[in-house]
Amino acid sequence: MLKYVARRILQIIPTLLGVSFLSFSLLYIFPGDPAEIILTITSGSEPSYEEIQKFRAEMGLDRPIIVQYIDWLSKAIRGDFGNSWTEGKPVMDLILQRLPASAELFFMTFAISISFAMLLGIVSAIYKDRAIDHFCRIFSLLGISIPSFWLGLILIWIFSVQLHLLPAFGYGGFEHLILPVLTWSFSFMAIKTRFVRSCLLEALSQDYVITARAKGLPKRIVVLRHALRNALIPIITYFSLSISHLIVGSIMVEVVFSWPGLGSLLVESVFKRDFPVVQALIFISGVLFVVINLVVDILYAIIDPRIRYGD
């Protein structure tokens, strides 16, 4: 296992380099001179040619792009993404300031949506074509069909405007979490419920499950110990890959509910053209996605002992 982990870490290095180069390239993807863009944003007025040339020399923007990239990457590895162009503060300070709000919303949503998706998916598969299965399938269809931003606005109108039960915006106590978590969990949970149901139904139709039933094993043992364990591999893969979708989905929810997290920080930075912040958030998201994939690969061997990581 240790050899496999070491080999996988070496394999993800090119991917991380690609993510870092893509993040760095954002400064040059948009049309215009980066030096002119920076000066225009920071000063609020159009700079002169002499000011642009002086700034390029001071900031090293006149060097070859590959040299600039290596310099940026060496600092990024140490957590130094420079200063925000609009705030004048270190980028990592802004990210760490917004991180607790995003983490609170993310983990609450992830725990609730995964728990209910597993529960509803298992129940729906066990009671296939019965009333509760039809209910779960209708619930999933609604969750897939309703856009998150529309659902968020409807929940605000019902519980905040009409009933005055919950706050509509902002970050504070537990009551501020309820509407964003409900909005974010609904579509995420609905899609995962259908997937869990499909995987478990496929496992229940396998020969080893039919044999276990023929031996007279209790239904609970057959489902949980035999069918569900083998169905967990694609489920965990799908859940882990969906974390990136969950992170992207946070942008919409945080904007709708004015939640001061990393998603709203990314939107604000894009509108302000604050490229150091955008570069840092994209780079960190890419690293997180690669690390999650590595963890999932390791979990495969724990869940299914048939898997061996040979050369």
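All values derive from a computational prediction rather than experimental measurement. (Residues numbered from 1 in each chain as written. Predicted model: local features only at pLDDT ≥ 70, side-chain atom pairs only at ≥ 80, totals over all residues. Heavy atoms only, no water.)

1. Structural notes on the layout of surface pockets
Okay, so step 1: Here the second largest pocket is characterised by a volume of approximately 520 Å³.
Okay, so step 2: Elements with a minimum of two residues in the lining of the second largest pocket: α1 (2-29), α2 (34-43), α3 (49-59), α4 (65-77) and α12 (275-303).
Okay, so step 3: Here the lining of the second largest pocket takes 4 residues from α4, the largest share from any one element.
Okay, so step 4: Class assignment of the residues belonging to the lining of the second largest pocket gives a composition of 11 nonpolar, 6 polar and 4 charged. (1 Å grid on protein atoms, 1.4 Å probe; cavity = no way out; pocket = protein on both sides within 12 Å on 5 of 7 lines; lining within 4 Å. Points joined across faces, edges and corners; volume = space filled by probe spheres on them. Helix = DSSP H or I, 4+ residues; strand = E, 2+ residues; numbered from the N terminus. Nonpolar A, V, L, I, M, F, W, Y, C, P; charged D, E, K, R; others polar.)

2. Quick word on the state of the cysteines
Okay, so step 1: Applying the stated criterion across every chain, the model contains 0 disulfides.
Okay, so step 2: Note on C136: no disulfide assigned, nearest cysteine sulfur contributed by C199 at a separation of 16 Å.
Okay, so step 3: Residue classification places C199 among the buried positions, given a relative accessible area of 9%. (Disulfide = S-S within 2.5 Å. Buried < 20%, exposed > 50% of the residue type's maximum accessible area, 1.4 Å probe, protein only.)

3. Observations concerning the packing of aromatic side chains
Okay, so step 1: In this structure the tally under the stated criterion is 11 aromatic pairs.
Okay, so step 2: Ring centres 5.2 Å apart and planes at 80° place the aromatic pair F21 and Y69 in the edge-to-face group. In this pair, F21 sits in helix α1 while Y69 sits in helix α4, placing the two residues 48 residues apart along the sequence.
Okay, so step 3: According to the relative accessible area criterion, F21 is partly exposed, its value standing at 39%. (Phe/Tyr/Trp six-rings, centres within 6.5 Å; stacked < 30°, edge-to-face > 60°.)

4. Quick look at the pattern of salt bridges
Okay, so step 1: Summed over all chains, the structure comprises 6 salt bridges.
Okay, so step 2: A salt bridge links E268 to R98; the shortest N-O distance between them is 2.9 Å. Taken together, the residues E268 in helix α11 (residues 262-272) and R98 in helix α5 (residues 91-126) connect sequence positions 170 residues apart.
Okay, so step 3: Residue classification places E268 among the partly exposed residues on the basis of a relative accessible area of 33%.
Okay, so step 4: Across the pair R197 and D133 runs a salt bridge, and its minimum N-O distance is 2.9 Å. Remark: D133 occurs in helix α6 (residues 131-145) and R197 occurs in helix α8 (residues 174-204); sequence separation between them is 64 residues. Both residues of the pair, R197 and D133, belong to the buried class.
Okay, so step 5: When salt bridges that share partners are traced, they join K128, D129, D133, R137 and R197 into one network. (Salt bridge = Lys/Arg side-chain N within 4 Å of Asp/Glu carboxyl O.)

5. Structural notes on the environment of G60
Okay, so step 1: Relative to the elements of secondary structure, G60 occurs in the loop between α3 and α4.
Okay, so step 2: In this structure, the C-alpha to C-alpha distance between G60 and I41, residues 19 residues apart in sequence, is 18 Å.

6. Describing the environment of V209
Okay, so step 1: With respect to the helices and strands, V209 occurs in helix α9 (residues 207-214).
Okay, so step 2: Separated by 76 residues in sequence, V209 and D133 have C-alpha atoms that sit 21 Å apart.

7. Describing unusual backbone geometry
Okay, so step 1: Backbone geometry places D129, a non-glycine residue, at a positive phi of 65°.
Okay, so step 2: Checked against the element boundaries, D129 lands in the loop between α5 and α6.
Okay, so step 3: The exposure class assigned to D129 is partly exposed, which follows from its relative accessible area of 46%.
Okay, so step 4: A positive phi angle, near 50°, is found at S258, a position not held by glycine.
Okay, so step 5: By secondary structure assignment, the location of S258 is in the loop between α10 (219-256) and α11.
Okay, so step 6: Accessibility expressed as a relative area gives 43% for S258, which makes it partly exposed.

Taken by themselves, the reported measurements are silent on function.
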